[in-house]
Structure formats: structure tokens, C-alpha cells
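Listed here are the chains, written in short residue letters.
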Amino acid sequence: SADSGRCLHTLAGQGERRESAVHSAVFSPDGDLVVTTCLDTARIWSTSSGERLHMLKGHRDAVCKATFSFDGALVLTASRDLTARVWSTKSGECLCILAGHGDTVFMAAFSPDNALVITASSDLTAKIWNVGSGECLRTLTGHRNR
């Protein structure tokens, strides 16, 4: 706890293999949940019990990052498999696959109203997506490797 400095829970069992690392971890807006990523999965955990609630399976390569929507109802994952995915926090179901980048998607974030997602990729683009339809609305170009 913040008061005692004592560890409340160790969220064990992230990776199926001993050598798998946890790539990211983030709290939900209300602090009741945590999402962690590694290898080709993400997991949603209860902060009060330390219990794993959902395993988010579907990516075909490492999950680089995950984040919650501002209302906590959705989780967004970014992966080396060139996609981002939107998941239901409640059911763990994949609601939408955002495909269209030409290289690893390292980052993804929700807009404040949760209607849009932005993704950033090593293909030198960022893309803005409609969460409801999965449609790419804009591709932002102009970054260069120098």
C-alpha cells in the first residue's frame, strides 16, 4: 500500500514461458483493474484480489502496450503483429481489429470521448481510427528516419 510501502499483490502467471517479460502495466481509470502485456497476450487483473479476470488472446506477436479507455469499459492493445485491438473490459472479447499499418504498432491511445483511437507505428505513420466501425479515418505521414 502507499501508506506502508508493502506489496499488495504479485500478478503472477503473465507469461506461459519462464523467459517472458511483462512489457507494460497500467491501471484502469477507477483503479479497480490493471492490464498487463507480454508475448502475444494481455491480461486484465483485479487490483483488490490480484485475480486474473481475462486473458486477451488474438495477437500473433508481442503486445507492446495496452491502455484503458477513459470510462474503463474498453482496453486497447498495440502489437508487433502490425495491429491494434479493442477489447471489452467486462467480457474480455475482442470487439475490433485495427489493421493497416506496415510495421509494428508500438503505441495506441483513446480520444477523450472514447470514439477514436490513434496508433503509432514504426512504418513512420500514425493512424486515427473510428472505434465503432474499425475504419481508418486518417493516416498521418511526414515522420522520417534520420
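Just above, that's the structure.
Residues numbered from 1 in each chain as written. Predicted model: local features only at pLDDT ≥ 70, side-chain atom pairs only at ≥ 80, totals over all residues. Heavy atoms only, no water.

(A) Examining the sheet that holds strand S8 (residues 94-99) more closely. Across the sheet, four strands lie side by side as S5-S6-S7-S8; this open sheet has antiparallel pairing. Strands at the two margins of the open sheet, each flanked by one partner only, are strand S5 (63-68) and S8. Taken pair by pair, the neighbouring strands of this sheet meet at an average axis angle of 20 degrees, ignoring direction. Note: S5 against strand S6 (residues 74-79), five bridges, orientation antiparallel. If you follow Ala-66 over to S6, its bridge partner there is Thr-77. (Pairing = 2+ DSSP bridges. Helix = DSSP H or I, 4+ residues; strand = E, 2+ residues; numbered from the N terminus. Axes fitted to C-alpha atoms, helices over the stretch in contact; angles between N-to-C directions.)

(B) Region of the structure containing the sheet that holds strand S3 (residues 41-46). Strand order in the open sheet formed by four strands is S1-S2-S3-S4, with antiparallel pairing between adjacent strands. In this open sheet, the two strands that pair with only one neighbour each are strand S1 (24-27) and strand S4 (52-57). This sheet shows a mean twist of 15 degrees between the axes of neighbouring strands, independent of strand direction. Pairing of strand S2 (residues 33-38) with S3, which is carried by six bridges, proceeds in the antiparallel orientation. Bridge pairing in S3 links Cys-38 to Thr-41.

(C) Inspection of the pairing of strand S9 (residues 105-110) at higher detail. In the sheet, S9 pairs with strand S10 (residues 116-121) via five bridges, with the strands oriented antiparallel. The partner of Ala-108 across the bridge, within S10, is Thr-119. Hairpin connection from S9 to S10: five residues lie between these consecutive antiparallel strands, with Asn-114 at a positive phi of about 65 degrees.

(D) Local environment of a nonpolar patch on the surface. Together, Phe-106, Met-107, Ile-118 and Leu-140 make up an exposed nonpolar region whose accessible area comes to about 310 Å². Along the polypeptide, Phe-106 turns up in strand S9. The exposure class assigned to Phe-106 is partly exposed, which follows from its relative accessible area of 43%. (Patch = residues over 30% accessible without salt bridge, like charges linked within 9 Å, V, L, I, M, F, W, Y side chains within 5 Å. Areas by Shrake-Rupley, 256 points an atom, 1.4 Å probe, with all protein chains shown as cover. Salt bridge = Lys/Arg side-chain N within 4 Å of Asp/Glu carboxyl O. Buried < 20%, exposed > 50% of the residue type's maximum accessible area, 1.4 Å probe, protein only.)

(E) Main features of the environment of Arg-138. As for its placement among the helices and strands, Arg-138 is situated in strand S12 (residues 136-140). In this structure, Arg-138 is in contact with Ala-126, Lys-127 and Ile-128, ignoring residues within four places of it in sequence. (Contact = heavy atoms within 4.5 Å.)

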